[in-house]
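# Structure at a glance
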Amino acid sequence: MTCENLLEKLNGLHRAEVLPLVGLLVELADRILERPDNASLRKVESNQGTGRTLLQSEAGLFALEAMGFEKVGVGQFLRQDADLTKLSRVKEILVKFQKSESNQENPFRLLLEPCAEIDQQCNPPIRPIVLPPVTFHHTQHFFARIERIFHQCLRYESPELLARARQLVPVIELELAAQSRFRVLQKQSKLNQVELPVSIQEMLILELLRWFKEDFFTWVDSPLCENCQGESTFSHMATDPNLNAYTKRVE
């Protein structure tokens, strides 16, 4: 989701529809930025007039996602620890869109360049992670291989990569699902007069595992060709050691 995608959605709407929609989005952003500690302002629910308008519009949903909102049930929620920089930048684009629409100019043409700049700031390119040379403490091949693999895992401790990964995890949805399942177990344990077998933290981990396996992760057997989109077949393993740094075989 980029600001350019958002502008494409807005630019495809009728003038009588787009200006009120953008106005609601700007008002929402203003309220949150003025009172960032007020959690009630971070909710967009379908049973509210404003929320219903935003949630029923594809462009409205795009804008909320660009601002950092996450889907929770039938509504959207901006986490309390969310970075408001993205919200502020999207609001700036929407304000410029309002002005350009009011002047009957071409907002898409006028805003492409600043949009690209905002997308670059919100999602900067991931820089290659270069680790220091590995220092081996064992001469046996088996133990040296373990040391090499352990050394490669240090890449995943990069704060930049961890931040990108956390952006993909629907934490609020997982927490709500974990709480719901935990309450069911609480009722069962009280009825049976037995000790609760798990904690809420363990339920959250189980929800995370379920989400990763069933919603996020997809098994791939024969990936589609990047050029013709046809089904591919296994040919051979790459011989480039840089490409084989993270895999030794194909299963």
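Position numbers for residues count from 1 along each chain, tracking the sequence in the order it is written. Selection of residues for local features in this predicted model requires a pLDDT of at least 70, selection of side-chain atom pairs for listing and counting requires 80 or more, and totals for whole chains, interfaces and linings are taken over all residues. Side-chain numbers come from the whole structure's heavy atoms, not from hydrogens or water.

## Regarding the overall build of the chain
How we decide: Only runs of H or I of at least four residues qualify as helices and only runs of E of at least two qualify as strands under DSSP, and these elements are numbered from the N terminus. Only protein chains enter the accessibility calculation, which uses a 1.4 Å probe; a residue whose area is less than 20% of its type maximum is buried, one above 50% is exposed, and one in between is partly exposed. The contact criterion used is simple: two residues touch if any of their non-hydrogen atoms lie within 4.5 Å. Here, Shrake-Rupley sampling with a 1.4 Å probe gives the accessible areas, and only protein chains in the shown set may cover a residue.
Looking only at helices and strands, the chain features 10 helices and three strands. Each helix and strand of the chain, placed in order from N terminus to C terminus, yields the pattern α-α-β-α-α-β-β-α-α-α-α-α-α. In the chain, which comprises 251 residues, the proportion classed as buried is 26%. Long-range pairs, those at least 24 residues apart, make up 60% of the contacts in the chain between residues at least 6 apart in sequence. Accessible area of the chain: about 17700 Å², with a carbon and sulfur share of 54%.

## What to know about the side chain of Gln76
Tracing the backbone shows Gln76 in strand β3 (residues 75-77). Residue Gln76 is classed as buried on the basis of its relative accessible area, which comes to 12%. Apart from the residues lying within four places of it in its own chain, the contact partners of Gln76 are Arg42, Lys43, Val44, Leu55, Leu61, Leu64, Phe69, Glu70 and Lys71.

## Comments concerning the sheet that holds strand β1 (residues 43-44)
Threshold: The criterion for strand pairing is that DSSP finds at least two bridges linking the strands in question. Axis angles are defined between N-to-C directions and span 0 to 180 degrees, where every axis is a line fitted to C-alpha atoms and, for a helix, only to the segment in contact.
The strand order across the open sheet formed by three strands is β1-β3-β2, and the pairing between neighbours is antiparallel. In this open sheet, the two edge strands, each paired with only one partner strand, are β1 and β2 (70-72). For β1 and β3, the ladder comprises two bridges, and the chain directions are antiparallel. Along β3, the bridge assignment pairs Val44 with Gln76. Across the face of the sheet, helix α9 (residues 171-192) comes into contact with β2 and β3 while running at roughly 20 degrees to β2.

## Comments concerning the pattern of salt bridges
Applicable threshold: Note on definitions: salt bridges are taken to be side-chain nitrogens of Lys or Arg within 4 Å of carboxyl oxygens of Asp or Glu.
Under the criterion given, the structure shown has seven salt bridges. Of the charged contacts in the structure, one is a salt bridge between Lys91 and Asp30, with a shortest N-O distance of 2.7 Å. One end of the pair, Lys91, is in helix α5 (residues 84-102); the other, Asp30, is in helix α2 (residues 15-34), with 61 residues separating them in the sequence. Between Arg210 and Asp215 there is a salt bridge, with its nearest N and O atoms 3.3 Å apart. Here Arg210 falls in the partly exposed class, since its relative accessible area comes to 26%. Among the residues examined, Asp215 registers a relative accessible area of 49% and is labelled partly exposed. By sharing partners, the salt bridges in this structure join Arg181, Glu207, Arg210, Glu214 and Asp215 into a single network.

## A word on the nonpolar core
Defined as follows: Nonpolar cores are built from buried Ala, Val, Leu, Ile, Met, Phe, Trp, Tyr and Cys residues. Side-chain atoms within 4.5 Å join them into one set.
One finds Leu10, Leu25, Leu54, Leu64, Met67, Phe69 and Leu94 to be the most contacted residues of the largest nonpolar core, which totals 25 residues. The set of elements that each furnish at least two residues to this core consists of α2, α3 (49-55), α4 (58-67) and α5. Residue contributions to this core peak at nine residues, all from α2. Excluding residues that lie within four positions of it along the chain, Leu10 makes contacts with Val18, Leu21, Val22, Ala59, Leu94 and Phe97.

## Concerning the confidence of the model for the chain
Threshold: Known as pLDDT, the predictor's confidence for each residue is given on a scale from 0 to 100.
Confidence along the chain averages 77 in pLDDT terms, with 80% of residues attaining 70 or more. Mean pLDDT values over the elements of the chain span from 47, in helix α6 (residues 107-122), up to 90, in helix α10 (residues 200-216). Here residues 105-114 is a poorly scored stretch, pLDDT under 50, and it has 18 contacts once near neighbours within four places are set aside; other chains count.

## Brief notes about the environment of Val90
Structurally, the position occupied by Val90 is in helix α5. Residue class for Val90 comes out buried when judged on its relative accessible area of 1%. Val90 sits 26 residues away from Leu64 along the chain, and the two C-alpha atoms are 9.4 Å apart.

## Thoughts on the state of the cysteines
Spelled out, the test is: Pairs of cysteine sulfur atoms within 2.5 Å are what we label disulfides.
This structure, assessed with the given rule, holds zero disulfides. Cysteine Cys225 shares no disulfide, and the gap to the nearest cysteine sulfur, in Cys228, comes to 3.7 Å. Judged by its relative accessible area of 25%, Cys225 is partly exposed.

## Structural notes on a nonpolar patch on the surface
For clarity, the cut-off: Without a salt bridge and with relative accessible area above 30%, a residue can belong to a patch; like charges are then joined within 9 Å and nonpolar side chains (Val, Leu, Ile, Met, Phe, Trp, Tyr) within 5 Å.
A contiguous nonpolar surface patch, about 590 Å² in accessible area, is contributed by Leu168, Phe212, Phe216, Phe217 and Trp219. Along the chain, Trp219 falls in the segment after α10.

## Details of the environment of Phe150
One can find Phe150 in helix α7 (residues 141-153). Expressed as a C-alpha distance, the spacing of Phe150 and Val134, which sit 16 residues apart in the sequence, is 9.6 Å.

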